[in-house]
Amino acid sequence: MKIRVGMGFDVHRLVEGRPCKLGGIVLPHPSGPLGHSDGDAVLHAIADALLGAAGLDDLGTLFSDQDAQWKDADSAKLLAECLRRVRRAGFEVGNLDVVIATEGPRIAPHRAAMRASIARICGIEAQQVNLKGKSLEGLGALAGGTGIAVQAVCLLEQRSP
Ligand code: MG
């Protein structure tokens, strides 16, 4: 079996009054990711990891933030479309792993719900998805809860013809 690895990264500003939508669920937090779409940085990083592993165009090329069509878009729908393209190219998801670096919302209490949500959107099992939050130790531009950075890695397995 052929396997391919992909990596995704995304950063969004966290602003007051925006829903804190991450991994397809809304976390109870006073600020949320700003974006042309709903700003779900977790789903964006996962989408880019999957597209990268499959050798396809990246998320920003497929769904440009200059295109009014994607204004306030539900990132779950964008990710589902990416998965359709990845599967059409002959791949199936082996696993995903995600690191969420922020001093905004606490991730740990919502890990299970986020894993289940991501698995549902991707059409895979929750055991194939892992994620964790990391504090920034008060360092750097994202400290103080003003932003969120997400890294995702995925493994794709090529279906036998
Ligand atoms: Mg993004």
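A brief look at the structure comes next. (Residues numbered from 1 in each chain as written. Predicted model: local features only at pLDDT ≥ 70, side-chain atom pairs only at ≥ 80, totals over all residues. Heavy atoms only, no water.)

1. Structural notes on unusual backbone geometry
One non-glycine residue with positive phi stands out, namely Asp72, at about 60 degrees. Locating Asp72 in the fold gives a position in the loop between α2 (59-62) and α3 (75-88). The phi torsion at Glu137 lies on the positive side, around 55 degrees, for a residue other than glycine. By the element assignment, Glu137 lies in the loop between β6 (129-134) and β7 (147-158). Its relative accessible area of 64% is what places Glu137 among the exposed residues. (Helix = DSSP H or I, 4+ residues; strand = E, 2+ residues; numbered from the N terminus. Buried < 20%, exposed > 50% of the residue type's maximum accessible area, 1.4 Å probe, protein only.)

2. Focus on the coordination of the magnesium ion
For the magnesium ion, the full set of protein donor atoms is Asp10 (OD), His12 (NE2) and His44 (ND1), at a range of 2.1 to 2.2 Å. Taken in sequence order, the residues that donate to the magnesium ion follow the motif D-x1-H-x31-H. You can see His12 sitting in strand β1 (residues 3-16) and its partner His44 sitting in helix α1 (residues 41-54), a full 32 residues away along the chain. The exposure class of His12 is buried, given its relative accessible area of 12%. (Donors = N, O, S within 2.8 Å, 3.2 Å for Na, K, Ca; no water.)

3. A short note on the environment of Gly52
Its place among the elements puts Gly52 in helix α1. Accessibility expressed as a relative area gives 40% for Gly52, which makes it partly exposed.

4. As for the layout of surface pockets
Considering only enclosed or pocket space, the largest pocket measures out at about 290 Å³ in volume. Taken together, 15 residues form the lining of the largest pocket, with Ser37, His44, Leu59, Phe63 and Asp65 sitting closest to its centre. For the lining of the largest pocket, the secondary structure elements donating two or more residues are β1, α1 and α2. With 3 residues, the top contributor of residues to the lining of the largest pocket is β1. Along the lines of polarity and charge, the residues of the lining of the largest pocket split into 5 nonpolar, 7 polar and 3 charged. (1 Å grid on protein atoms, 1.4 Å probe; cavity = no way out; pocket = protein on both sides within 12 Å on 5 of 7 lines; lining within 4 Å. Points joined across faces, edges and corners; volume = space filled by probe spheres on them. Nonpolar A, V, L, I, M, F, W, Y, C, P; charged D, E, K, R; others polar.)

5. So, α3
Spacing of three or four residues puts side chains on the same side of an α-helix, whose turn is 3.6 residues. Taking 1.5 Å per residue, 14 residues should reach 20 Å; α3 reaches 20 Å between its end C-alpha atoms and fits that length. Those residues of α3 that are buried are in contact with α1, α2, β5 (91-102), α4 (111-122) and β7. Among the residues of α3, the N-terminal cap falls to Asp74, whose side-chain oxygen and the backbone nitrogen of Ala76 are separated by 2.9 Å. Positive phi appears at Gly90, one or two residues downstream of α3, with a value of about 100 degrees. (Expected span 1.5 Å × (residues − 1). Contact = heavy atoms within 4.5 Å. Polar contact = N/O pair within 3.5 Å; in protein donor to acceptor, adjacent residues only side chain to side chain.)

Limitation: the analysis is restricted to geometry and does not speak to function.
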